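Okay, here's what each chain looks like letter by letter:
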Amino acid sequence: MSVASLTDVFHVVEVADEIESFVNVLLHNAVERIPWKGHEERMKDVMAYFLQSANVGGMKSCGDKKSTTVRQGVGITIDGQRMSFDTKEAGNYALNTLMLNMFGLFQARYKVLDHKRNLTKMNSPVPEATDSLKEGSSRPAQRHKPETGLEGSGLHLPQVEGTSEPPTPAVAATARLLNTHTETFRIFRTILKTKRTWPENE
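The shown structure was predicted, so the numbers you read here are calculated from the model rather than taken from an experiment.

Conventions and cut-offs
Residues numbered from 1 in each chain as written. Predicted model: local features only at pLDDT ≥ 70, side-chain atom pairs only at ≥ 80, totals over all residues. Heavy atoms only, no water. Helix = DSSP H or I, 4+ residues; strand = E, 2+ residues; numbered from the N terminus. Pairing = 2+ DSSP bridges. Salt bridge = Lys/Arg side-chain N within 4 Å of Asp/Glu carboxyl O. Buried < 20%, exposed > 50% of the residue type's maximum accessible area, 1.4 Å probe, protein only. Contact = heavy atoms within 4.5 Å.

1. What to know about the environment of Asn 92
Its place among the elements puts Asn 92 in the loop between β4 (81-82) and α5 (93-123). When the C-alpha atoms of Asn 92 and Trp 36 are compared, they prove to be 8.9 Å apart, with 56 residues separating the residues in sequence.

Rendered as structure tokens:
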């Protein structure tokens, strides 16, 4: 699932969430089936992206590893270095380029979402708790709808550069590319037709 969907139980799924989820499935299969640097030693670190979660008010929420990764724009990192799919003979140019391009789109989207979150935080008063909340009820139906999916989540979220100011027109335009499947189709078609073919047996 997308970070936005995992973080906010009230989030309405959009095309961008579907694309992010699809890429996560593709990435998970690649991690398990295709060679990458440090495969034997660092599998646990990489799998944290898929498996780590946070407990917020008794409800499962997005883990810090995934939340941070989608905002970096380069895919999963290990010790600050971008995870690279490689064989002993050569790097997997096609897959590495595919992931770099898709996570670049995700980064732009979350810069826009984080900016909206900050505006909401600055402009919205904190609502009074209902009696059911004061009594410690954990039933979602009795909770106020949160202003954003990340407020009060308890996650250690990175400070995304520029969230106090509107995203640049270029960033906003890049984020809008996830409103439809067109750009994703274009990226996949380009990668699949590249002259740098996929390594044999992969």
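2. What about the pairing of strand β2 (residues 59-62)?
Bridging between strand β1 (residues 53-56) and β2 involves four bridges; their strand directions are antiparallel. Among the inter-strand pairings, Val 56 is bridged to a residue of β2, identified as Met 59. Linking two consecutive strands that pair antiparallel, namely β1 and β2, is a turn of two residues; a positive phi of about 60° is found at Gly 57 within it.

3. Regarding the pattern of salt bridges
Enumeration over the complete set of coordinates arrives at five salt bridges. The closest approach of N and O atoms between Arg 109 and Glu 20, which form a salt bridge, is 3.7 Å. With a gap of 89 residues between them, Arg 109 in helix α5 and Glu 20 in helix α2 (residues 15-33) connect regions that are remote in the sequence. Assigned by exposure class, Arg 109 and Glu 20 land together as buried. Where Arg 186 meets Glu 183, a salt bridge forms, and the shortest distance between an N and an O atom there is 2.7 Å. One end of the pair, Arg 186, and the other, Glu 183, are both in helix α8 (residues 182-192), three residues apart, so they sit about a helical turn from each other. A residue is classified by how much of its surface remains accessible, and Arg 186, at 40% relative accessible area, is partly exposed.

4. Remarks on the environment of Gly 104
With respect to the helices, strands and loops of the structure, Gly 104 is situated in helix α5. The exposure class assigned to Gly 104 is partly exposed, which follows from its relative accessible area of 24%. Sequence separation between Gly 104 and Val 70 is 34 residues, and the spatial gap between their C-alpha atoms is 8.4 Å. Contacts of Gly 104, omitting those with residues within four sequence positions, involve Gly 73 and Thr 174.

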